[in-house]
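Listed below are the residues making up each chain.
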Amino acid sequence: MTTETKPPTAAAYRNLVTATIGFTLTFWAWDLIAPIASWYGDRLDLSSFQQSLLVAVPVLVGSVGRIPAGALTDKYGAKLMFPLVSALTIVPVLLLVVVKDSYGLLLVVGFLLGLGGTTFAIGIPLVNSWFPPAKRGLALGVFGMGMGGVALSGYFTPRIAEHGENLPFLVVAIALAVYAVLAAFLITDRPGRPVPTASLAARLGSAARLRVTWELSALYAIGFGGIVAFGVYLPTYLKTWYELDPTDAGTKAAGFALVTVVFRPIGGWLSDRVHPALVTAVALGVVALLAIVQAFDPPLNPGGTTALLLMAAGLGTASGSVFALVSQVTPQAEVGSVTGIVGATGGLGGFLPPLVMGAIYSAKGSYSIGFMLLSDLALAGCVYAYGRMRGIEPDDGTPSLRPAKLTTTSP
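Residues numbered from 1 in each chain as written. Predicted model: local features only at pLDDT ≥ 70, side-chain atom pairs only at ≥ 80, totals over all residues. Heavy atoms only, no water.

**Let's talk about the overall build of the protein**
Helices and strands together make up the secondary structure of the protein, namely 18 helices and 2 strands. Scaling as 2.2 N^0.38, a compact globule of 411 residues should have a C-alpha radius of gyration of about 22 Å, and the protein matches this with 20 Å. Its C-alpha atoms give the protein principal-axis dimensions of roughly 60 × 45 × 35 Å. Each of the 411 residues in the protein was classed as buried or not, and the buried ones make up 58%. By element, 71% of the accessible surface of the protein is carried by carbon and sulfur atoms, the whole surface being about 15700 Å². (Helix = DSSP H or I, 4+ residues; strand = E, 2+ residues; numbered from the N terminus. Rg over C-alpha atoms; globule rule 2.2 N^0.38 Å. Buried < 20%, exposed > 50% of the residue type's maximum accessible area, 1.4 Å probe, protein only. Areas by Shrake-Rupley, 256 points an atom, 1.4 Å probe, with all protein chains shown as cover.)

The following block contains the structure:
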């Protein structure tokens, strides 16, 4: 039995659980501003666009930062990168306590807070290396459940803040510190993993020249970008349009995020059984249909709630299936580099929609145009996934991407 067909080891599951917990905590940190953005808006008298920019800046930086984070993980391993990034994220979390009365400084700290969003590109190559191809879809989907940190943030951050405006930042900082110490002992890179010796620029350039990298990036920008966009802007949308109080809006946004978390491993599990491009096409088709429904501003109960939750299911499924496809067509040594680019594009897909939604509402007093744009993008992704991406077959051992020059670590 080869290493590609052996069942996952106990070490594989230990790394999966540890990485998923870390991803969850850093995602909570990454999303700390969004659930209380309306509080900053009232405190600093911010416009809708200014508030949107405040919640979007960490998304932008966390997305772009995945590109070097993924490539550095290929080179130095997740054992170093995961504890290091988790520890560094503590700094901007604590700085939020200091800068709460200055919009300009909040934007600067939000920029630094984006560091928490880069752990996605660290965990994907780690999990991918420990699990055989037949199990990777589900394993990557389980790791992707760490985006539930957005749900935790949406639910707990405003509630903790009721007991002290600085308390959420202190709680998250302590949790990150404890995790960084534990991760240094519990995370291990797979023995014998291929380590690239080419430069960072050369590896990123090689991955960027591949057509499939940008095809996957476009699909992930719709799926995961939609999740991020809803995660950071849904509380504002619910408060503004449906006139919910911040705590209730945060709770409902957390429910949306929870559905995406549950359906991400389902997308990966389905992709282990049928072609992930087909799973992606169906999921995005559902999103396109329900975005049209929401564009007509149905009452929150039950129409709006149903439409939003079904969109969450579709976006979560698509996010899981796209990365199942990444794992099939990417050589092990380049997973981090390709993941960094795809993950960055996905995160950037979540950067623009909050700005667009805020600008449209400021100009037109309605969110309908924004939801129709989401429907158009999801439909385009559905058609492309079905028409083009089904032609990409699972990798049978002959990588479809040209690997970089490699060395091998000793077992």
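**A few points about the side chain of Thr213**
Tracing the sequence through the fold places Thr213 in helix H12 (residues 211–241). The class of Thr213 is buried, set by a relative accessible area of 0%. Beyond its immediate stretch of four places on either side in the chain, Thr213 contacts Ala207, Val338, Ile341 and Val342. (Contact = heavy atoms within 4.5 Å.)

**Considerations on the side chain of Thr18**
Along the polypeptide, Thr18 turns up in helix H1 (residues 10–30). Residue class for Thr18 comes out buried when judged on its relative accessible area of 6%. At 2.8 Å, the side chain of Thr18 and the backbone oxygen of Arg14 are in polar contact. Once you skip the residues sitting within four places of it in the chain, Thr18 turns out to touch Tyr179, Ala183, Leu186 and Ile187. (Polar contact = N/O pair within 3.5 Å; in protein donor to acceptor, adjacent residues only side chain to side chain.)

**Observations regarding the packing of aromatic side chains**
Under the criterion given, the structure shown has 9 aromatic pairs. Look at Phe23 and Phe120: their rings are 5.7 Å apart centre to centre, the planes differ by 45°, and that puts the pair in the tilted class. Pair noted here: Phe23 is in helix H1 and Phe120 is in helix H7 (residues 120–130), with a separation of 97 residues, a long-range link. Each member of the pair, Phe23 together with Phe120, is buried. Ring pairing ties together the aromatic residues Phe23, Phe27, Trp30, Phe120, Phe143 and Tyr220, which thus form one cluster. (Phe/Tyr/Trp six-rings, centres within 6.5 Å; stacked < 30°, edge-to-face > 60°.)

**Topic: the environment of Asp248**
By secondary structure assignment, the location of Asp248 is in helix H13 (residues 246–271). According to the relative accessible area criterion, Asp248 is partly exposed, its value standing at 26%. Linking Asp248 and Gly154, residues 94 residues apart in sequence, is a C-alpha distance of 9.8 Å.

**Considering the packing of helix H4 (residues 66–76) against helix H5 (residues 78–98)**
The N-to-C vectors of H4 and H5 enclose an angle of 135°; their axes lie 7 Å apart at closest approach. As far as their axial angle goes, H5 and H4 are oblique. Every residue of H5 that contacts H4 at Ala69, Leu72, Thr73 and Tyr76 is listed here: Ala78, Leu80 and Met81. Of the residues that constitute the contact of H4 with H5, the class distribution is 6 nonpolar, 1 polar and no charged. (Axes fitted to C-alpha atoms, helices over the stretch in contact; angles between N-to-C directions. Parallel < 35°, antiparallel > 145°, perpendicular 65-115°, else oblique. Nonpolar A, V, L, I, M, F, W, Y, C, P; charged D, E, K, R; others polar.)

**Overview of the pattern of salt bridges**
Here the structure, examined in full by the defined rule, presents 3 salt bridges. Measuring nitrogen to oxygen at the nearest pair gives 3.5 Å for the salt bridge that ties Arg43 to Glu165. Here Arg43 is found in helix H2 (residues 37–44), whereas its partner Glu165 is found in the loop between helix H9 (149–161) and helix H10 (167–186), with 122 residues between them in sequence. Judged by its relative accessible area of 34%, Arg43 is partly exposed. (Salt bridge = Lys/Arg side-chain N within 4 Å of Asp/Glu carboxyl O.)

**Side note on the nonpolar core**
Membership of the largest hydrophobic core comes to 109 residues, with the highest contact counts inside it found for Val93, Phe230, Leu238 and Met311. Ignoring anything within four residues of it in the chain, the contact list for Met311 reads Phe230, Val287, Leu290, Ala291, Gln294, Phe371 and Leu374. (Core = buried A, V, L, I, M, F, W, Y, C linked by side-chain atoms within 4.5 Å.)

**Some words on H10**
Between its terminal C-alpha atoms H10 stretches 28 Å, which fits the 28 Å expected from 20 residues at 1.5 Å a residue. Listed in full, the buried residues belonging to H10 are Pro168, Phe169, Val172, Ala173, Leu176, Tyr179, Ala180 and Ala183. Burial along H10 is one-sided: seen end-on, the buried residues are contained in an arc of 135°. Opposite the packed face of H10, turned more than 90 degrees from it, sit the exposed residues Ile174 and Phe185. (Expected span 1.5 Å × (residues − 1). Arc of directions from axis to C-beta.)

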